[in-house]
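# Descriptive analysis of the structure
Each chain, letter by letter, is given below.
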Amino acid sequence: MTIRVNRRAALGIGTVATAGAALGAAPASAAGRPRAAATPAEAAAQVAASYAQETARAGGNWQAYVSVANAAAAPPVAVADEADRRIEAYSVNKIAVAVAVLDKVDRGLLTLAQRVDVTASIVIPGGDGIFSLDGAYPSSVTLGHALAALLTVSDDTAVRLCGLVCPAAELNQILVAKGFPNTQVQPVANPNRFYLGTSTPRETHDLLRKLVGGTLLSASSTAFLLGLLRSPIAFTDGVRREMSSAERARVATKAGWFDTARHEAGIVFDAAGAPVLTYALFADGQAGADDFGATHPAVQARARMGRVFLAAVAGLAGAGPAHRAAAWRPSNGG
């Protein structure tokens, strides 16, 4: 089942309320607060209306694919907005990089405990992450540490560390073999380095669905990757911003930002840990190209959508294997 609401179409028929009525569901409660849906189709309609409203408000260009799980039938597709357009995915593709590295771990070619060297020449100065802040090289870290930095604080140098153990050509071959020909890194002259490359909203969505479905990686690698994406220090400015710590633990997410682009993709889990909503949201061309914080229009739009996404599926059960979040215990050192 596909809920066919396109942001441009919604704008063409009038208000978001009109769009929601056309879908057979109000976009939110009468007071404007998000509410729990009774069925996957109703949740998809609420998600669709929220997407139409927030992307129109933020402006710029959007490409997206969002679905709601349904244990009894095909998952309703809430949003399919230029879903097959191949675009620069930026750091959202760090998920794909991690998948390729972990595929090699699953095949016994690598281990999370093996060490990679952090040299001054491999560090990307001034970028996102922690390696550029060390100020003391050379050093070495485990591959598991590099992947943790890659997917939580979106470390740019960690991309190069992954390239040391999984060169660009091999990485792309692994992704093609797994069914993602459009999710590819961009090779450069050095075979162990690459730009993060391209994907489509549909392929990013499907990669996440295969991951939580247990068909992409081993159970241990799947748990490791999802644990990073839903950890408290994973991205919180977008979809997870207006959530409690317990609610944030139900969302595995990865953002990507560069130039005017502000992307995010992830999964919402039900209370038992089963995936209940999957989203891939790509945006560029909004105002504030120099703003990489929570006040950027596209990031604000995703924060409002995230609140609606979580509320819409609050009463629904997910479908597929359960993935429980690791227990989080604040510490005061010692």
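Above this text you will find the structure in question.
Below: a short report on this structure. Only a predicted model underlies this, so the values are computations on that prediction, with no experimental measurement involved. (Residues numbered from 1 in each chain as written. Predicted model: local features only at pLDDT ≥ 70, side-chain atom pairs only at ≥ 80, totals over all residues. Heavy atoms only, no water.)

Looking only at helices and strands, one finds 11 helices and 10 strands in the protein. A compact globule built from 334 residues should have a C-alpha radius of gyration of about 20 Å, and the protein, at 19 Å, falls within 12% of that. Out of the 334 residues belonging to the protein, those deemed buried represent 51%. Across the protein, every contact between residues at least 6 apart in sequence was considered, and the portion connecting residues at least 24 apart equals 67%. Each charge sign in the protein was given a centre, from 30 positive and 25 negative side chains, and these centres are 5 Å apart. (Helix = DSSP H or I, 4+ residues; strand = E, 2+ residues; numbered from the N terminus. Rg over C-alpha atoms; globule rule 2.2 N^0.38 Å. Buried < 20%, exposed > 50% of the residue type's maximum accessible area, 1.4 Å probe, protein only. Contact = heavy atoms within 4.5 Å. Lys, Arg positive; Asp, Glu negative; His and termini not counted. Charge placed at Lys NZ, Arg CZ, Asp CG, Glu CD.)

Turning our eyes to something else, we now look at unusual backbone geometry. Residues Tyr 137 and Pro 138 are joined by a peptide bond in cis, for which omega reads 0°. Counting through the fold element by element, Pro 138 comes out in the loop between strand 4 (115-118) and strand 5 (139-142). With a phi angle near 55°, Asp 259 is a residue other than glycine that sits in the positive phi range. Tracing the backbone through its elements, the reader meets Asp 259 in the loop between strand 8 (251-258) and strand 9 (261-269).

Bringing the pairing of strand 2 (residues 77-81) into the picture now. Of all five residues in strand 2, four are buried; the element is thus mostly enclosed. In this structure, strand 1 (residues 61-68) lies alongside strand 2, joined through four bridges in antiparallel fashion. When the sheet's bridge partners are listed, Val 66 is paired in strand 2 with Val 79. (Pairing = 2+ DSSP bridges.)

Attention now moves to a nonpolar patch on the surface. A cluster of nonpolar side chains, Ile 130, Leu 133, Val 153 and Ile 233, forms an exposed patch at the surface whose accessible area comes to about 380 Å². Positionally, Leu 133 belongs in the loop between strand 4 and strand 5. (Patch = residues over 30% accessible without salt bridge, like charges linked within 9 Å, V, L, I, M, F, W, Y side chains within 5 Å. Areas by Shrake-Rupley, 256 points an atom, 1.4 Å probe, with all protein chains shown as cover. Salt bridge = Lys/Arg side-chain N within 4 Å of Asp/Glu carboxyl O.)

Further remarks concern the nonpolar core. Ranked by internal contacts, the top residues of the largest apolar core, which has 55 residues, are Leu 150 and Leu 225. Here this core takes nine residues from helix 4 (residues 94-106), the largest share from any one element. Ranked by size, the runner-up nonpolar core spans 29 residues in total, among them Trp 62, Ala 283, Met 305 and Leu 310. (Core = buried A, V, L, I, M, F, W, Y, C linked by side-chain atoms within 4.5 Å.)

A few words now on the packing of aromatic side chains. With the rule as written, the count across this model stands at four aromatic pairs. Ring geometry for Tyr 90 and Phe 258: centres 5.3 Å apart, planes at 40°, overall tilted. Placement of the pair is Tyr 90 in the loop between strand 3 (87-88) and helix 4 and Phe 258 in strand 8, with a sequence separation of 168 residues. Here Arg 230 stacks its cationic end above the ring of Phe 269, 4.1 Å away from the centre of that ring. (Phe/Tyr/Trp six-rings, centres within 6.5 Å; stacked < 30°, edge-to-face > 60°. Lys NZ or Arg CZ within 6 Å of the ring centre and 35° of its normal.)

On the basis of which strands lie adjacent, the open sheet formed by three strands has the order 3-7-6 and antiparallel pairing. Each of the sheet's edge strands pairs with one partner strand only, and the pair in question is strand 3 and strand 6 (184-187).

So, about the packing of helix 5 (residues 143-151) against helix 6 (residues 156-165). It is the contact of helix 5 with helix 6, at a shortest axis distance of 9 Å, that shows an interaxial angle of 140°. It follows that helix 5 is oblique to helix 6 by the angle criterion. The two elements helix 5 and helix 6 cross, and the hand of that crossing is left-handed. Residues Leu 143, Ala 146, Leu 147, Ala 149 and Leu 150 of helix 5 touch helix 6, and the partners they reach there are Ala 158, Val 159, Leu 161, Cys 162 and Val 165. A per-class count over the contact of helix 5 with helix 6 returns 10 nonpolar, no polar and no charged. (Axes fitted to C-alpha atoms, helices over the stretch in contact; angles between N-to-C directions. Parallel < 35°, antiparallel > 145°, perpendicular 65-115°, else oblique. Left-handed = near helix turned anticlockwise from the far one by under 90°. Nonpolar A, V, L, I, M, F, W, Y, C, P; charged D, E, K, R; others polar.)

What follows concerns the pattern of salt bridges. A full pass over the atoms with the stated rule returns 11 salt bridges. Among the salt bridges present, the one from Asp 103 reaches Arg 107, with a minimum N-O distance of 2.8 Å. For the salt bridge of Arg 241 with Glu 242, the shortest nitrogen-to-oxygen distance reads 3.4 Å. Each of Asp 103, Arg 107 and Lys 178 takes part in salt bridges that share partners, so that together they form one network.

Before going further, it helps to examine empty space enclosed by the protein. Over the atoms, a rolled probe matching the size of one water molecule traces out where space is still vacant. Under the counting rule described, the total for this entry stands at two cavities of 30 Å³ or more. Taken as a whole, the largest cavity spans an internal volume of roughly 60 Å³. Around the largest cavity, the lining residues are Phe 235, Asp 237, Ala 255, Gly 256, Trp 257, Arg 262, His 263, Phe 292, Gly 293, Ala 294, Val 299 and Arg 302. Breaking the lining of the largest cavity down by element, the ones donating at least two residues are strand 8, strand 9 and helix 11 (297-312). Of the residues contributing to the lining of the largest cavity, the split by class is six nonpolar, three polar and three charged. Here the second largest cavity defines a volume of roughly 40 Å³. Elements that contribute at least two residues to the lining of the second largest cavity include exactly helix 4 and helix 8 (201-213). Considering every element that reaches the lining of the second largest cavity, the biggest residue donor is helix 8, with three residues. Across the lining of the second largest cavity, the residue classes tally to four nonpolar, three polar and one charged. (1 Å grid on protein atoms, 1.4 Å probe; cavity = no way out; pocket = protein on both sides within 12 Å on 5 of 7 lines; lining within 4 Å. Points joined across faces, edges and corners; volume = space filled by probe spheres on them.)

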